[in-house]
Amino acid sequence: MLEKLLKEYSKRGKFNDYLGEIDVEKKDIEKIIPQNLLRKDFEFIEVSEIEVIRHFIRLSNLNYHLDKGIYPLGSCTMKHNPKVNEEVSSYEGFIFLHPLQKEEDIQGALKLMYELIYFLKEISGMDYVSLQPPAGASGELTSMLVIKKYFMDKKEDRKIVLIPDSAHGTNPASVTMAGFICQTIKSNSEGMVDLDDLKKNLSEQVACLMITNPNTLGIFEKNIKIIIEELHRYGALVYLDGANLNAYCGIHRPGDVGVDIMHFNLHKTFSTPHGGGGPGAGPVGAKSFLVPYLPNPKIEKEGERYYFKYDKESIGKTASFYGNFNVFIKAYTYLRMNGIKGLKKMSQIAVLNANYLRKRLEEIGFSCEYKTSTLHEFVLTLKDFKRKDIRALDIAKRLLDYDCHAPTIYFPLIVPEAFMIEPTETEPKEELDRFISVMKKIKEEIEENPNLVKEAPHNTPVKRLDEGKAGRELVVKWD
Ligand SMILES: *Cc1c(COP(=O)(O)O)cnc(C)c1O
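Because the structure is a prediction, the values reported are computed rather than measured.

What counts as what
- Residues numbered from 1 in each chain as written.
- Predicted model: local features only at pLDDT ≥ 70, side-chain atom pairs only at ≥ 80, totals over all residues.
- Heavy atoms only, no water.
- Helix = DSSP H or I, 4+ residues; strand = E, 2+ residues; numbered from the N terminus.
- Rg over C-alpha atoms; globule rule 2.2 N^0.38 Å.
- Buried < 20%, exposed > 50% of the residue type's maximum accessible area, 1.4 Å probe, protein only.
- Core = buried A, V, L, I, M, F, W, Y, C linked by side-chain atoms within 4.5 Å.
- Axes fitted to C-alpha atoms, helices over the stretch in contact; angles between N-to-C directions.
- Parallel < 35°, antiparallel > 145°, perpendicular 65-115°, else oblique.
- Left-handed = near helix turned anticlockwise from the far one by under 90°.
- Contact = heavy atoms within 4.5 Å.
- Nonpolar A, V, L, I, M, F, W, Y, C, P; charged D, E, K, R; others polar.
- Disulfide = S-S within 2.5 Å.
- 1 Å grid on protein atoms, 1.4 Å probe; cavity = no way out; pocket = protein on both sides within 12 Å on 5 of 7 lines; lining within 4 Å.
- Points joined across faces, edges and corners; volume = space filled by probe spheres on them.
- Polar contact = N/O pair within 3.5 Å; in protein donor to acceptor, adjacent residues only side chain to side chain.
- Pairing = 2+ DSSP bridges.
- Expected span 1.5 Å × (residues − 1).

(A) The arrangement of the overall build of the protein in detail. Helix and strand counts for the protein come out as 14 helices and 13 strands. Relative to the 2.2 N^0.38 estimate, which gives 23 Å for 479 residues, the radius of gyration of the protein is 25 Å and therefore close to what a compact globule would have. Judged by the C-alpha coordinates and their principal axes, the protein covers about 75 × 70 × 45 Å. Looking at the 479 residues of the protein, the share that counts as buried comes to 48%.

Below, the structure is given as structure tokens:
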């Protein structure tokens, strides 16, 4: 059953009594607002406060979300974000800031950004971090533009960017948008970069390698140092997709193994709610020789005073003003609350939870395409169930019936019927055990009554959608 629209509860005169009548005359409005901007036939909906509240609570109950249960969406790090972050980020001193205020008036905000940059530098081993890019993909594009400008200044014509075949889809998209050409590097039987294939593709035309570590299979590239040495031997750079930082905070620093530039996902690792399309933040960290190219302005400190610094080599801006400040506050609060010891524990538990889940699921007959050990996430292959005409999508849908959000499916592309699971550190063992028992139940259903799974979901407000039709006939407007 579909919910009514708020508009459908509307009835003349139902408006909240305590707000009283509108005391602006129609002719006065027409004086202020230009004629061409006035809507002719607009009707305010009139509903009471309690109806509005109930409407949205009902909608939120129809939806599945993190506050209801496990959300093991691989690669997305859907962890619980402490509510205190929201509290702090809505302090008046923050929400009434305006981005055009003078430096002298916003010293506190600059201090927060300066210190956040410091923490990210310490965590990653980079020399400076630009907070500006508003998403991971934006951080990737920013980095590609930085690399492009760097080689332009060196008068080196390098057009190729190498990307392993396990990469996230945003990687090739960013590379193409920046005007480079993608070259795919194969994975070996362990699910890591194939060194021979890498060497075959290396040349003086290569600008950089875009690598994710641990990669999207959850596997740490054990040859990361060798890989980086190889690229540097050709004068090429190494870009790290840092979306998987949740796996190694306080344990490993990309800067220490030679990564030249990387992005962070504050909306994954550092506790801003992820999903729903933002706002997010994808800061970019770089080694000193690339720092001048990062977006302007940078934030510096002289004595006790914080100020904006503009570099003439900079690629310019990649977002309006300074990026999503609200997200910085949440990351800052989270980092200050945890400290480096807390962050290390965060990653250790993220890895422990994922490995507990992997082991228990393997015991009941699920398996990974690659047997290599994994960190904070792992990717099952559900190809065996094809004999029963069951695909990863069917199992994902059936999970919804049991109040579990589905894992990421069909990604990475190198795993057939991929089922990518990332429980995160904030799931209690009881919830992991519930997920395991649900997976066991679904496995039994596939043997006994595969149609039950094939036709799932059965208990959700909206049943299985015709995704092909939705893609072809995209109607997102209610008339
Ligand atoms: C999430 C993710 C990205 C992109 O980040 P967005 O903030 O969603 O743009 C890139 N790479 C990997 C591996 C990711 O998991």
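(B) How the structure looks around the nonpolar core. In this structure, M144, I147, L198 and F270 are the most contacted members of the largest nonpolar core, which totals 78 residues. Per-element tally for this core: the top contributor is helix α10 (residues 325-363), with ten residues. If you look at the next biggest cluster of nonpolar residues, it comprises 32 residues, including F385, I390, I421 and I446.

(C) Up close: the packing of helix α11 (residues 392-401) against helix α12 (residues 429-448). With their axes 10 Å apart at the nearest point, α11 and α12 run at an angle of 125° to one another. Relative to α12, the element α11 is oriented oblique. The crossing of α11 and α12 is right-handed. In this structure, α11 contributes I395, R398 and L399 to the contact, and α12 contributes F435, V438, M439, I442, E445 and I446. Considered class by class, the residues forming the contact of α11 with α12 number seven nonpolar, no polar and two charged.

(D) Structural detail: the state of the cysteines. Counting across every chain of the model gives zero disulfides. Looking at the unpaired C368, the closest cysteine sulfur is the one in C76, lying at 18 Å. Given a relative accessible area of 3%, C368 falls into the buried group. Distance from the sulfur of C404, which forms no disulfide, to the nearest cysteine sulfur (C76) is 17 Å.

(E) Seen up close, empty space enclosed by the protein. By the definition in use, this model includes four cavities of 30 Å³ or more. The volume enclosed by the largest cavity comes to roughly 80 Å³. Taken together, M113, I117, Y128, V129, S130, L131, Q132, P295, P297, K298, I299 and Y322 make up the full set of residues lining the largest cavity. At the level of secondary structure, the elements contributing two or more residues to the lining of the largest cavity comprise α5 (107-124), β1 (128-130) and β8 (298-302). The dominant element in the lining of the largest cavity, judged by the number of residues it contributes, is β1, at three residues.

(F) How the structure looks around the packing of helix α6 (residues 136-153) against helix α7 (residues 170-177). Taken N-terminus to C-terminus, the directions of α6 and α7 make an angle of 40°; their axes are 9 Å apart at the nearest point. On the basis of the axis angle, α6 is oblique to α7. Our pair here, α6 against α7, has a crossing hand that is right-handed. Residues A137, E140, L141 and M144 of α6 pack against T170, N171, S174, V175 and M177 of α7. Broken down by class, the residue content of the contact of α6 with α7 amounts to five nonpolar, three polar and one charged.

(G) Highlighting the side chain of R398. Residue placement: R398 occurs in helix α11. Among the polar contacts made by the side chain of R398, one reaches the side chain of D401 at a distance of 2.6 Å. A distance of 3.2 Å separates polar atoms of two side chains, one belonging to R398 and the other to Y402. Excluding anything up to four places from it in sequence, R398 contacts I442, E445, L452, V453, A456 and H458.

(H) Fine view of the sheet that holds strand β11 (residues 378-381). Spatially, the four strands line up as an open sheet ordered β10-β11-β13-β12, and their pairing is antiparallel. The open sheet has two edge strands, β10 (367-368) and β12 (408-409), and neither has a second partner. Judged from the two bridges that link them, β10 and β11 form a sheet pairing that is antiparallel. Each residue of the ladder has a partner; that of C368, found in β11, is L380.

(I) Focus on α6. Relative to the 26 Å expected for 18 residues at 1.5 Å per residue, α6 spans 26 Å between its end C-alpha atoms, a close match to the ideal helical length. What α6 keeps buried is the set G136, S138, G139, E140, T142, S143, M144, V146, I147, Y150 and F151.

These figures capture arrangement, not role.
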